[in-house]
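# Structural overview for review
So you can see what is in the structure, the chains are spelled out below.
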2 protein chains.
Amino acid sequence: MTKLKELQAYLKQEKLDAAFITTPDNVFYFSGFASNPHERLLGIMAFQDAEPFLICPQMEVPDAIAAGWSFEAVGHVDTENAWDVVAKAVSSRGIVPTSLAIEKAHLTVERLEELVARYPDVQVERLDDQIHAMRVIKSETELEKMRKAAELADYAIQVGCDAIEVGKTEMDVLNEIESAIKAKGYAMSFETMVLAGEKSASPHGVPGNRKIQHGDMVLFDLGVLYEGYCSDITRTVAVGEASEAQKHIYDTVRRANEAAINAVKPGILARELDKIARDVITEAGYGDYFTHRLGHGLGISVHEFPSINGANDWPLTTGTVFTIEPGVYKADVAGVRIEDDVVVTKEGVEVLTKFTKDLVIIK
Amino acid sequence: MTKLKELQAYLKQEKLDAAFITTPDNVFYFSGFASNPHERLLGIMAFQDAEPFLICPQMEVPDAIAAGWSFEAVGHVDTENAWDVVAKAVSSRGIVPTSLAIEKAHLTVERLEELVARYPDVQVERLDDQIHAMRVIKSETELEKMRKAAELADYAIQVGCDAIEVGKTEMDVLNEIESAIKAKGYAMSFETMVLAGEKSASPHGVPGNRKIQHGDMVLFDLGVLYEGYCSDITRTVAVGEASEAQKHIYDTVRRANEAAINAVKPGILARELDKIARDVITEAGYGDYFTHRLGHGLGISVHEFPSINGANDWPLTTGTVFTIEPGVYKADVAGVRIEDDVVVTKEGVEVLTKFTKDLVIIK
């Protein structure tokens, strides 16, 4: 629970009476307890010195303790007001907060109203940036989990390549990938994408009954969860053969991906990386077809801080993990995206995903 | 888009200048456009008379139009402030809202601050209850989709029963279920649960490598998505044989499920149904082992309004779909939950899930 101690030190430094953490991923980060509470209240209330507490549905209290939460775990049931339960736990510590840090990008207006109704004079402050600053630097323990998650993602891409056959649908292939990962006892970190032919050119397309044909390019975008940490990889392969136009797009995207990876080092700005990849694509004449940012932070969440986009001045530092995923989407030729997970190291960069970036042509 | 017209009529009646809808499920309800925007802004801004607009990531604009959105679709890219884009679309209609209805249970504090920064004098009102009131009554078109979703859930339970074998793991069985649904071209509506033996007694347990043994009870909790609408079913079956203690729990839960179903009629309160089921379980001596509410509303969301719990005075009316899912969790005997999806009809009730509730013993 050293992360909680770091948070408590922050509260002291900023003279904040309490912090209330409600994002499930942040609750996991501070407690080791992974839970999807749906509409029910889940949170950690931390103080400068007093014992923190976890508030969660009553039936999950044993799970929280089993996950390693060693402070008070306060349960609530559907027939009581969870905010009254929170207020009681706070006042049992002799505390009436006059300042409270919340996750403004997560806490809803309704929930803030519930809190403010109980502490009408409380000053509400933003906790988000402090948590970003903590989560953005991965410890060696976290990196070990992310390496494992990436290894499983590489494996999933191989399963996908092996599964491709002319006449099979996107869903058939997706199914084989997810079965193989489940058979190993793991879960995907987000909804797997297998997109064939013209569908590969839709960056947020939905896999369906499109049959794979000779000459298609097939785009895989997938990730695996390992002990609470995500991977996220994209590879695009050709079926039977690749046309010159497809090869040209593929080569351009690969060069953009590698140019950005080679530029990663402590201190480089997110927007500089985006520009390096974008310039390669623009120079090849596909600038209008790279319609999204270069990447995003990765860790407990699939998309987390920082965003690797052309407007973000954030300097990347040692221990930050993020994706590099340039793409070119031309429906009449192919959509190609190549995505790797990388971590900034003292020396420059470590690439976690290792599946080949040579153009794979499935025979 | 008759639902949008109904919302516009509400704005007129309540003298509200605008409504901003940001829950992805509500955006789908009003637009037919299903999207998971992750951290990006997705929303519908509606006015009393002016043309509503959809704000979404630029690359999803074509998807929104393809899904049937027939009004203005405003795209935003990662390098611009999405709230400036919203403000521009509002002012292009010659509107400066002095009152604005938001989903207080969804909109974050940060997002409200972005809006209020642009309209400092705006009065912020709660839209949640109006949307609940609309969504809680399913149209015949919606009910048709939910019947199909329930039929697929029944099928998934049958696949699960057929897959059970001593020595297989929970994940093996889960895998066969999900493969069968994917092979039909559908997706699950939430993470499938297959829990064996003592694990069946954990209402929010996570399937893993627990092997199925003779004498176990196995609990399935799953649902399938059909054209945007969810089903949610639970069945518990015995492997090889069922002990008298297991049979007694099963019979109690079944009687609780059926007592509540038989009591469903227009006007009955949510808490009355909860009590009817709970009384059956309490009288059988298992009151302390039924640790959750009776059920929840069901539709576009797996958990939606209304909550069927002992403190909810909401009167159920014709067209409302919800789950009835009593359970008894005794780790030394078994966890048993039996869950059906029901709709309130003029005559009383229609049960959408039809898989048998006789105790299935897998030989």
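### Side note on the overall build of chain A
Summing up its helical and strand segments, chain A has ten helices and 20 strands in all. Its C-alpha atoms give chain A a radius of gyration of 23 Å, near enough to 21 Å, the size a compact globule of 363 residues would have. Every one of the 363 residues in chain A was classed for burial, and the buried ones make up 58%. Summarising the internal contacts of chain A: among those between residues at least 6 apart in sequence, 66% fall at separations of at least 24. As displayed, chain A offers around 14100 Å² of accessible surface, 51% of which is attributable to carbon and sulfur atoms. Separation of charge centres in chain A, based on 37 positive and 57 negative side chains, amounts to 3 Å.

### A closer look at the domain arrangement of chain A
Residue and element names in this part refer to chain A. What the domain assignment lists for chain A is domain 1 (2-135) and domain 2 (140-362). Each of domain 1 and domain 2 was reduced to a C-alpha centroid, and the two centroids are 35 Å apart. Contact with domain 1, which involves six residues of that partner, is made by eight residues of domain 2. Overall, the association of domain 1 and domain 2 removes approximately 630 Å² of surface from exposure, summing both partners, and the carbon and sulfur fraction of that is 59%.

### Thoughts on helix H8 (residues 170-183) of chain A
Here H8 of chain A contains 14 residues, and its C-alpha end-to-end distance of 20 Å stays within 8% of the 20 Å for a straight helix at 1.5 Å per residue. Among all positions of H8 of chain A, only Glu170, Met171, Val173, Leu174, Asn175, Ile177, Glu178, Ser179, Ala180, Ile181 and Lys182 of chain A are buried. Close packing links the buried residues of H8 of chain A with helix H7 (140-163), strand S7 (187-188), strand S8 (193-196), strand S9 (217-222) and strand S10 (224-226) of chain A together with helix H8 (170-183) of chain B. Of the residues trailing H8 of chain A, Gly185 of chain A is marked for its positive phi of about 90°.

### Looking at the nonpolar core
Soluble globular proteins tend to bury their nonpolar side chains together. Leu7, Ile21, Phe30, Ile44, Leu54 and Leu127 of chain B are the most contacted members of the largest nonpolar core, which has 36 residues in total. If you count residues domain by domain, this core takes at least three from each of domain 1 (2-135) and domain 2 (140-362) of chain B. Residues contacting Leu7 of chain B, with those up to four places away along its chain left out, are Ala19, Ile21, Phe30, Ala46, Leu127 and Met134 of chain B. If you look at the next biggest cluster of nonpolar residues, it comprises 35 residues, including Ala64, Ile131, Leu143 and Val321 of chain A.

### Thoughts on the sheet that holds strand S8 (residues 193-196) of chain B
Residue and element names in this part refer to chain B. As summarised here, the arrangement of the four strands in space is S8-S9-S12-S20, forming an open sheet in which the pairing is mixed. Strand pairing shows two members of the sheet lacking a second neighbour, S8 and strand S20 (361-362), which therefore form its edges. Taken together, the six bridges between strand S9 (residues 217-222) and strand S12 (residues 233-239) define a ladder with antiparallel strand orientation. Bridging across to S12, Val218 finds its partner in Val237. Where helix H7 (residues 140-163) meets the sheet, it contacts S9, S12 and S20, and its direction lies at approximately 150° from that of S9.

### Focus: the confidence of the model for chain A
In the predicted model, chain A carries a mean pLDDT of 96, and the fraction of residues at 70 or more is 100%. With pTM at 0.86, the complex prediction returns an ipTM value of 0.85.

### Here we look at the sheet that holds strand S3 (residues 53-57) of chain B
All names here are of chain B. Read from one edge to the other, the open sheet built from six strands follows the order S4-S3-S2-S1-S5-S6, with strand pairing classed as mixed. Looking at strand neighbours, the two that pair on one side only are strand S4 (72-76) and strand S6 (123-126), the edges of this open sheet. Direction aside, neighbouring strands of the sheet carry axes that sit 25° apart on average. In this structure, strand S2 (residues 43-47) lies alongside S3, joined through three bridges in antiparallel fashion. Paired with Gly43 across the two strands is Ile55, which belongs to S3.

### Some points on the relation of the copies chain B and chain A
Overlaying chain B on chain A yields an RMSD of 0.0 Å, the required transformation being a rotation through 180° with an accompanying axial translation of 0.0 Å. The operation mapping one copy onto its partner corresponds to a two-fold rotation axis. Scanning chain B for the C-alpha nearest the rotation axis identifies Thr108 of chain B, at a separation of 2.1 Å. When the interface residues of chain B are mapped onto chain A, 100% of them are again interface residues, pointing to one common binding face.

### A closer look at the interface of chain B and chain A
Between chain B and chain A, the contact holds 38 residues from the first and 38 residues from the second. Taking both partners together, chain B and chain A bury about 3400 Å²; carbon and sulfur atoms supply 52% of that area. Where chain B packs against chain A, one counts ten salt bridges. Residue Arg293 of chain B is joined to Asp78 of chain A by a salt bridge in which the shortest nitrogen-to-oxygen separation is 3.8 Å. The interface formed by chain B and chain A includes 19 residue pairs in polar contact (both at pLDDT 80 or more). The leading source of residues in the side of chain B that touches chain A is H8 of chain B, at seven residues. Residue composition of the side of chain B that touches chain A, grouped by class: twelve nonpolar, 14 polar and twelve charged.

### Focus on unusual backbone geometry
Residues and elements named next belong to chain A. Omega for the peptide link from Phe305 to Pro306 comes to 0°, which places this bond in the cis form. Look at Lys15: it is not a glycine, yet its phi comes out positive at around 55°. By secondary structure assignment, the location of Lys15 is in the loop between helix H1 (2-14) and strand S1 (18-21).

### Quick word on the environment of Ser139 of chain A
All names here are of chain A. Within the secondary structure, Ser139 is located in the loop between helix H6 (128-135) and H7. Classification of Ser139 as partly exposed rests on a relative accessible area of 31%. Distance from Ser139 to Thr320, taken between C-alpha atoms, is 9.4 Å for residues 181 residues apart in sequence.

### Some remarks on the side chain of Glu60 of chain A
Relative to the elements of secondary structure, Glu60 of chain A occurs in the loop between strand S3 (53-57) and helix H3 (61-66). When near neighbours in sequence (up to four residues on either side) are disregarded, Glu60 of chain A contacts Phe33 and Ser35 of chain A together with His204 of chain B.

Procedures and definitions
Residues numbered from 1 in each chain as written. Chains lettered and ligands numbered in written order. Predicted model: local features only at pLDDT ≥ 70, side-chain atom pairs only at ≥ 80, totals over all residues. Heavy atoms only, no water. Helix = DSSP H or I, 4+ residues; strand = E, 2+ residues; numbered from the N terminus. Rg over C-alpha atoms; globule rule 2.2 N^0.38 Å. Buried < 20%, exposed > 50% of the residue type's maximum accessible area, 1.4 Å probe, protein only. Contact = heavy atoms within 4.5 Å. Areas by Shrake-Rupley, 256 points an atom, 1.4 Å probe, with all protein chains shown as cover. Lys, Arg positive; Asp, Glu negative; His and termini not counted. Charge placed at Lys NZ, Arg CZ, Asp CG, Glu CD. Domains from an automatic or database assignment. Buried area = accessible area lost by both parts, 1.4 Å probe. Expected span 1.5 Å × (residues − 1). Core = buried A, V, L, I, M, F, W, Y, C linked by side-chain atoms within 4.5 Å. Pairing = 2+ DSSP bridges. Axes fitted to C-alpha atoms, helices over the stretch in contact; angles between N-to-C directions. pLDDT = per-residue confidence, 0-100. Least-squares fit on C-alpha atoms with pLDDT ≥ 70 in both. Salt bridge = Lys/Arg side-chain N within 4 Å of Asp/Glu carboxyl O. Polar contact = N/O pair within 3.5 Å; in protein donor to acceptor, adjacent residues only side chain to side chain. Nonpolar A, V, L, I, M, F, W, Y, C, P; charged D, E, K, R; others polar.

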